[in-house]
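Geometric and topological summary
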Amino acid sequence: MKMKKPIRQKKADRILHQHASADQIKCDYAIAPVDRKALEMDRKWGIDMLPELVSVETAQKFGSAMAKMNDAISSNDPQECAKRAAVVLRGLAAMDAEAERLGAVRASEEVWEVEIDGKAYGIMQDGRSWRSIKDRRPDLELLTLREVALAYEFWKSSRAGEFERAVKEAFVGAEVVDVKVKTFSDPIPF
């Protein structure tokens, strides 16, 4: 079971969190460096990948540190939040160093690109690299290979999919190159 990373709520924003207490705001700022470092590690290794790249013992220690920080956030204890955030930051640094030392492989950043009607799409080999790919290529609408397969499964179950299968059976090597939806708006004279 994955440990949910705390995400800053920006409690000092009086529009979104007008009833936030001083302690809640202090806790939110205490975890800000953790949020920044976690994003940095996600960009480097892949989203939520770092604990998978280290020893069981290291991952377990990090999980314990995260759980204690989450408890501190829930209890709105600013001093405990600051203390636990510092431990989590050391844990992220230790996992990063261990993954480097072990020669861990980062999530693949390979992307297949295709343009349709002037819109650029990127199909990612590993969706855990989404953040770093999006940083490099903000122009691409990114999809995982699984999302493409799910969309194709949906397509196959439609009448268009049935037509596509029939065409490919009749004409080996045929390829769908365009899809248009025809609508009829002619009045029916009766």
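Glancing now at the overall build of the protein chain. Regarding its fold elements, the protein chain presents 7 helices and 3 strands. Secondary structure elements in the protein chain, listed N-terminal to C-terminal, are α-α-α-α-β-β-α-β-α-α. For the protein chain, the exposed surface amounts to about 13,400 Å²; the carbon and sulfur share of it is 57%.

Working definition: two side chains of opposite charge can pair if their charged atoms are close together. What the rule picks out here adds up to 13 salt bridges. Measuring nitrogen to oxygen at the nearest pair gives 2.9 Å for the salt bridge that ties Arg128 to Glu52. With a gap of 76 residues between them, Arg128 in the loop between β2 (119-124) and α5 (130-136) and Glu52 in the loop between α2 (32-45) and α3 (56-74) connect regions that are remote in the sequence. The exposure class assigned to Arg128 is partly exposed, which follows from its relative accessible area of 29%. For Arg84, the salt bridge goes to Glu80, with nearest N and O atoms at 2.8 Å. You can see Arg84 and its partner Glu80 sitting in helix α4 (residues 78-101), 4 residues apart, about one turn around the helix. Overall, the relative accessible area of 18% leaves Arg84 in the buried class. Within this structure, Lys44, Asp96, Glu100 and Arg106 form a network of salt bridges that share partners.

Attention now moves to the environment of Glu110. Following the sequence through the fold, Glu110 ends up in the loop between α4 and β1 (111-116). Separated by 17 residues in the primary sequence, Glu110 and Gly127 place their C-alpha atoms 9.9 Å from one another. In contact with Glu110, other than residues within four places in its own chain, are Ile123, Met124 and Gln125.

A separate point is unusual backbone geometry. With a phi angle near 60°, Asp48 is a residue other than glycine that sits in the positive phi range. The residue Asp48 is located in the loop between α2 and α3 in this model. Owing to a relative accessible area of 30%, Asp48 belongs among the partly exposed residues under this scheme. Look at Asp117: it is not a glycine, yet its phi comes out positive at around 50°. Note that Asp117 resides in the loop between β1 and β2. When its relative accessible area of 75% is taken as the criterion, Asp117 is described as exposed.

α4 packs onto α3 with a crossing angle of 160° between their chain directions and a minimal axis gap of 9 Å. The pairing of α3 with α4 is recorded here as roughly antiparallel in orientation. Judged by the sense of rotation from one axis to the other, the crossing of α3 with α4 is left-handed. Residues Thr58, Phe62, Ala65, Met66, Lys68, Met69, Ala72 and Ile73 of α3 form the contact with α4, whose own contacting residues are Glu80, Cys81, Arg84, Ala85, Val87, Val88, Gly91, Leu92, Met95 and Glu98.

In terms of nonpolar packing, the biggest core is built from 19 residues, with Trp45, Leu50, Met69, Val88, Leu92 and Ala99 touching the most fellow members. Looking at this core, the elements with two or more residues in it are α2, α3 and α4. For this core, the element with the highest residue contribution is α4, accounting for 5 residues. Residue contacts for Trp45: discarding those within four places in its chain leaves Leu50, Leu53, Asp96, Ala99, Glu100, Ala104, Arg106 and Ala107. Counting 5 residues, the second-largest nonpolar core is a separate cluster that includes Val111, Met124, Leu140 and Leu142.

The rules behind the values
- Residue positions are counted from 1 within each chain, in the order its sequence is given.
- This being a predicted model, a pLDDT of at least 70 is required before a residue's local features are given, and a value of 80 or more before pairs of side-chain atoms are given or counted; all residues contribute to the totals for chains, interfaces and linings.
- For side-chain calculations, the full set of non-hydrogen atoms in the structure is used, while hydrogens and water are omitted.
- A run of H or I in DSSP counts as a helix once it spans at least four residues, and a run of E counts as a strand once it spans at least two, with each numbered from the N terminus.
- Throughout, the Shrake-Rupley method with a 1.4 Å probe supplies accessible areas, and for residues the shown protein chains are the sole cover considered.
- Within this document, salt bridges are pairs made up of a side-chain nitrogen of Lys or Arg and a carboxyl oxygen of Asp or Glu, the two lying within 4 Å of each other.
- Accessible area is worked out with a 1.4 Å probe on protein chains only. A residue is then buried under 20% of its type maximum, exposed over 50%, and partly exposed in between.
- The contact criterion used is simple: two residues touch if any of their non-hydrogen atoms lie within 4.5 Å.
- Working convention: axes come from line fits to C-alpha atoms, limited for helices to the stretch in contact. Angles between N-to-C directions cover 0 to 180 degrees.
- These descriptions rest on fixed angle ranges, namely under 35 degrees for roughly parallel, over 145 for roughly antiparallel, 65 to 115 for roughly perpendicular, and the rest for oblique.
- Crossing handedness is read from the near helix: turned anticlockwise from the far helix by less than a right angle, it gives a left-handed crossing, and turned clockwise, a right-handed one.
- For our purposes a nonpolar core is just a set of buried Ala, Val, Leu, Ile, Met, Phe, Trp, Tyr and Cys residues, chained together by side-chain atoms within 4.5 Å.

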